[in-house]
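Letter by letter, the chains look like this.
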Amino acid sequence: MTVTLEVAEGVGTLRLDRPPMNALDIATQDRLKELAEEATRRDDVRAVVIYGGERVFAAGADIKEMQNMDHAAMVLRARALQDSFTAVARIPKPVVAAVTGYALGGGCELALCADYRIAADNAKLGQPEILLGLIPGAGGTQRLPRLIGPSRAKDLIFTGRQVKADEALAIGLVDRVVPAAEVYEQAHAWAAKLAQGPSIALRAAKEAVDTGLETDIDTGLAVERNWFAGLFATEDRERGMRSFVEEGPGKARFL
């Protein structure tokens, strides 16, 4: 399998495994969608890590496969390509990308689907599609400017240049830079901590933030308001408030 889902301690690891560079061919895209949807459904998966292994996250699409596709073929495929990444972005649980080595093109777009990105100090990220006479097609023109702002996103998309980990951190493309040997460990720790949190509240927080970024503030506030009130019907809210009153802040244990 080119992508696997391994679950431990409430954390599901979506592992890309297509040596040598984890090129995202059609089979890998389809498998990624299938497993992202499985991670969404499974109650034992409370947080997710996206990982490509110790050497590379994903160096982009399979160019040899794409080279043989004409306009008609890509018209039929482009939606499925986007849907595979959207399935990751819409996992209603905390998702962290553990980025090692290259995260280029589709690899960078996959990292953009996560809620948080931890990168190796030797990582390189970018959207080099323009160098092929193309533009990003798996969400890069939409998710990248929402994350780092339109001017910085256009710089990366227009030039196709790669950014090293320190610059990626400075512009907000990644959230933490760590030694390469620690990337997965720290990503798993981030996910495992959140896996112990109140799952419905975490889902609500993610949906409220993501919806707010995609719509006007009044609609976003309505989503926030409805989720906020709705959480008062959950056992986690009762447990959290009771623990706060009886034991002090930050000591609640959620199922």
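From a predicted model like this one, the values you see are computed outputs, not experimental measurements.

Conventions adopted
Residues numbered from 1 in each chain as written. Predicted model: local features only at pLDDT ≥ 70, side-chain atom pairs only at ≥ 80, totals over all residues. Heavy atoms only, no water. Helix = DSSP H or I, 4+ residues; strand = E, 2+ residues; numbered from the N terminus. Core = buried A, V, L, I, M, F, W, Y, C linked by side-chain atoms within 4.5 Å. Buried < 20%, exposed > 50% of the residue type's maximum accessible area, 1.4 Å probe, protein only. Contact = heavy atoms within 4.5 Å. Patch = residues over 30% accessible without salt bridge, like charges linked within 9 Å, V, L, I, M, F, W, Y side chains within 5 Å. Areas by Shrake-Rupley, 256 points an atom, 1.4 Å probe, with all protein chains shown as cover. Salt bridge = Lys/Arg side-chain N within 4 Å of Asp/Glu carboxyl O.

*Asks:* So what about unusual backbone geometry? Which residues, and what values?
*Replies:* Of the consecutive residues Pro19 and Pro20, the connecting peptide bond is found in the cis state with omega at 5 degrees. With respect to the helices and strands, the residue Pro20 is situated in the loop between strand S2 (11-16) and helix H1 (26-41). The backbone of Glu9 shows a phi angle near 55 degrees, a positive value even though the residue is not glycine. Note on placement: Glu9 falls in the loop between strand S1 (3-8) and S2. In this structure, Asn22 takes a positive phi of about 55 degrees despite not being glycine.

*Asks:* Break down the nonpolar core for me, with residues and values.
*Replies:* Phe57, Val99, Leu125 and Leu173 are the most contacted members of the largest nonpolar core, which totals 44 residues. The element that contributes the greatest number of residues to this core is helix H3 (residues 71-89), accounting for five residues. When near neighbours in sequence (up to four residues on either side) are disregarded, Leu125 contacts Val99, Ala103, Leu104, Cys108, Arg161, Gln162, Val163, Ala168, Leu173 and Val174. Counting residues in each nonpolar core, the second largest holds 15 residues, with Val11, Tyr51, Ala191 and Ala192 among its members.

*Asks:* Outline a nonpolar patch on the surface, supporting the account with residue identities and numerical values.
*Replies:* Judged by side-chain polarity, Ile63, Leu132 and Leu134 come together as a nonpolar surface patch covering roughly 250 Å² of accessible area. As for its placement among the helices and strands, Ile63 is situated in helix H2 (residues 63-67).

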